[in-house]
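# Structure at a glance
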Amino acid sequence: MADWLQLLTIPFLVALVLTGIHTYLGIHVLSRNIIFVDLALAQISALGATVAFLLGYYPQSIAAYGYSLAFTIGGAIVLSFSRSWTGRVSQETFIGVVYVVSAAAAFLLVDQSPQGAEHIKQMLIGSILTVTETDLLKVVLLYSAVGLFHWFVRKPLLLISFQPDLAKQAGLRLWLWDFLFYVSFGVVVTSSVAIAGVLLVFCFLIIPAAIGALYSDRILPKLLIGWAIGTLSSSVGLSLSFVGNLPTGATIVCVFGGILALTALLRPFIFSSARLQILKQAGSWGITSLLTIALASGIWLTLNPNADQPLLDWLETCYPALRQAFLSSDEQNDLQQAGLGSDRWQSEIARLDQIERQSRWQGEGLSDRELRRISSYTMSFQEMRNGEKFVQRELRNAARRRQRWVLGVPLVLLSLAGFLGMQRSPRATVM
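Notes on the structure follow. The structure presented is a predicted model; accordingly, all values stated were derived computationally and were not measured. For every chain, the first residue of its written sequence is number 1, and the numbers climb from 1 along that sequence. Totals for whole chains, interfaces and linings use all residues, but because this is a predicted model, local features are given only for residues with pLDDT of at least 70 and pairs of side-chain atoms are given and counted only at 80 or more. Side-chain metrics in this entry use all non-hydrogen atoms of the structure; hydrogen atoms and water are not considered.

## Side note on the overall build of the protein chain
Secondary structure elements are defined from DSSP: runs of H or I of at least 4 residues count as helices, runs of E of at least 2 residues count as strands, and each element is numbered from the N terminus. A tally of regular secondary structure across the protein chain gives 16 helices and zero strands. Residues count as neighbours in contact if any of their non-hydrogen atoms are within 4.5 Å of one another. Once local pairs closer than 6 in sequence are excluded, the contacts in the protein chain between residues at least 24 apart make up 80%. Accessibility throughout is a Shrake-Rupley quantity obtained with a 1.4 Å probe, and a residue counts as covered only by protein chains that appear here. Accessible area of the protein chain: about 22,400 Å², with a carbon and sulfur share of 64%.

## Description of the environment of Ser342
Residue placement: Ser342 occurs in helix H15 (residues 329–361). Once the C-alpha coordinates of Ser342 and Val391 are considered, the two residues, 49 residues apart in sequence, prove to be 9.9 Å apart. In this view, Ser342 contacts Arg385, Glu388, Lys389 and Gln392; residues no more than four positions away in its chain are not counted.

## Observations regarding the environment of Gly237
Its place among the elements puts Gly237 in helix H10 (residues 219–244). Here's how the labels work: a residue is buried when its accessible area is under 20% of the maximum for its type, exposed when over 50%, partly exposed in between, all with a 1.4 Å probe on protein chains only. Among the residues examined, Gly237 registers a relative accessible area of 0% and is labelled buried. Taking C-alpha positions, Gly237 is 8.0 Å from Cys254, a pair spaced 17 residues apart along the chain. Residue contacts for Gly237: discarding those within four places in its chain leaves Thr251, Ile252 and Val255.

## Re H10
With 26 residues, H10 extends 37 Å between its outermost C-alpha atoms, agreeing within 8% with the 38 Å of an ideal straight helix rising 1.5 Å per residue. Phi for Asn245, located one or two positions after H10, is positive at around 55°. For a helix, the expected span equals 1.5 Å multiplied by the residue count minus one.

## Re helix H9 (residues 174–215)
Between the first and last C-alpha of H9 there are merely 29 Å, a value that for 42 residues lags more than 12% behind the 62 Å anticipated at 1.5 Å per step. To get the bend at a residue, fit one axis to the 7 residues ending there and another to the 7 starting there, then take the angle between the axes. Of all the bends in H9, the greatest, near 110°, is centred on Ala196. Taken across its 42 residues, H9 has 34 buried, putting it largely inside the fold.

## Some details on the nonpolar core
Counting residues in hydrophobic clusters, the biggest one holds 78 residues, and the most contacted among them are Val14, Leu25, Val37, Leu41, Tyr182 and Phe185. Sort the elements by how many residues they give to this core and H9 lands first, with 24 residues. Look past the residues within four positions of Val37 in its chain and what remains in contact with it is Val29, Leu79, Ile95, Tyr182 and Phe185. Put simply, buried Ala, Val, Leu, Ile, Met, Phe, Trp, Tyr and Cys residues joined by side-chain atoms within 4.5 Å make one nonpolar core. Membership of the second largest hydrophobic core comes to five residues, among which are Trp345, Ile349, Leu352 and Phe381.

## Some words on the packing of H9 against H10
Fitted lines through C-alpha atoms give the axes, limited to the stretch in contact for helices. The angle between two N-to-C directions lies from 0 to 180 degrees. Packing of H9 against H10 brings their axes to within 8 Å, and their N-to-C directions diverge by 130°. When the interaxial angle is binned, H9 and H10 end up oblique. Crossing angle aside, the handedness with which H9 passes H10 is right-handed. Contacts from Phe204, Pro208, Ile211, Gly212, Ala213 and Tyr215 of H9 reach H10 at Lys222, Ile225, Gly226, Ile229, Gly230 and Ser234. Angle categories: roughly parallel below 35 degrees, roughly antiparallel above 145, roughly perpendicular from 65 to 115, and oblique for all the rest. Two helices crossing with the near one rotated counterclockwise from the far one by less than a right angle form a left-handed crossing, whereas a clockwise rotation gives a right-handed crossing.

## Topic: a nonpolar patch on the surface
Exposure above 30% relative accessible area and the lack of any salt bridge qualify a residue for a patch; like charges then connect within 9 Å, and the nonpolar side chains Val, Leu, Ile, Met, Phe, Trp and Tyr within 5 Å. What makes a salt bridge here is a side-chain nitrogen of Lys or Arg within 4 Å of a carboxyl oxygen of Asp or Glu, nothing more. Judged by side-chain polarity, Ile73, Ile77, Phe81 and Trp175 come together as a nonpolar surface patch covering roughly 330 Å² of accessible area. The dominant element in the nonpolar patch, judged by the number of residues it contributes, is helix H3 (residues 62–85), at three residues. Checked against the element boundaries, Ile77 lands in helix H3.

This is the structure we're talking about:
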């Protein structure tokens, strides 16, 4: 694998995961008109990490994560009651105060530390380029759990976000559902800030959702547009940071800003009546096709993980780390050795075949004894190559049996949710 691809594969996959969960949460945030809630909770999380840092805990340790999560849940409790405090003062005002106070407290604390400036830089722009396969697996499992929670309680949460007056009339306890929303939101933010930093997490949350809102009033198109924008921005930002040797987090943030400006400028030219109808038809067909492929792939992976999986095979060809993330360190080493062995025997087979062809068309031909020796060696090399490929297949099957629950089942559920969303009314009320 090329050095740049090996370096950027895991960060790109992490960026995809961040895009997936933050775009959905961003739609809630925009509908509630609490744009800076992410910055507030992210800064509270950073404050907790700062306290842990001053107490001597390593920034990526479980203790540091525990401090960040505890501070974030405390902030979620405050924010869950802030809706009822609004009268002459907007809820956004309270959120801004929480952010400013948290940031000031963090600066006061790190001012006492000789490594304080580096810690602040880490909190702001993160270190997405240094994430590992273990980090990827952790966020996939955690964010999948949060996503499932939001799916099961989607109706009250969406009702409170989009139609709070109707939620009051229905007798829902707004403070309780706000608390559950902010706690789940805080869990995501705590993990994301530790990986990507405050600024990049804010971009993942707001900009894809904002671009989706520019181009659609419905939740599913907003999600799909946001996911596409997040994927594009992450790819371009990571590539530019590698080519230009630039800070990765800051580069991706600037790319997000540039794409937001570009999509806002293009919107009036795109949404003419004729073009809009064509775009809607093409978008509907494209969404249906993608959901069908995803649903079929998820079902096939869940029911028969050892069979050929065309979609997963393609993804693993582009991003080999996707398979390696589901293998132990010993299995990864065996897979690498089997791949090297297979390539070595294949090159030997090609070399002998080249010798035989050259002798046939150029110079003196080989004797029968020499031809038999070449044939015997070729068959032996083929057997050894097949043995290495068998090892690769068995390791692939081991990874697939684990992927069926982490990738297959969620893919089926997400695809069904997508089909269900396409059947609902065009208004963004409930999914």
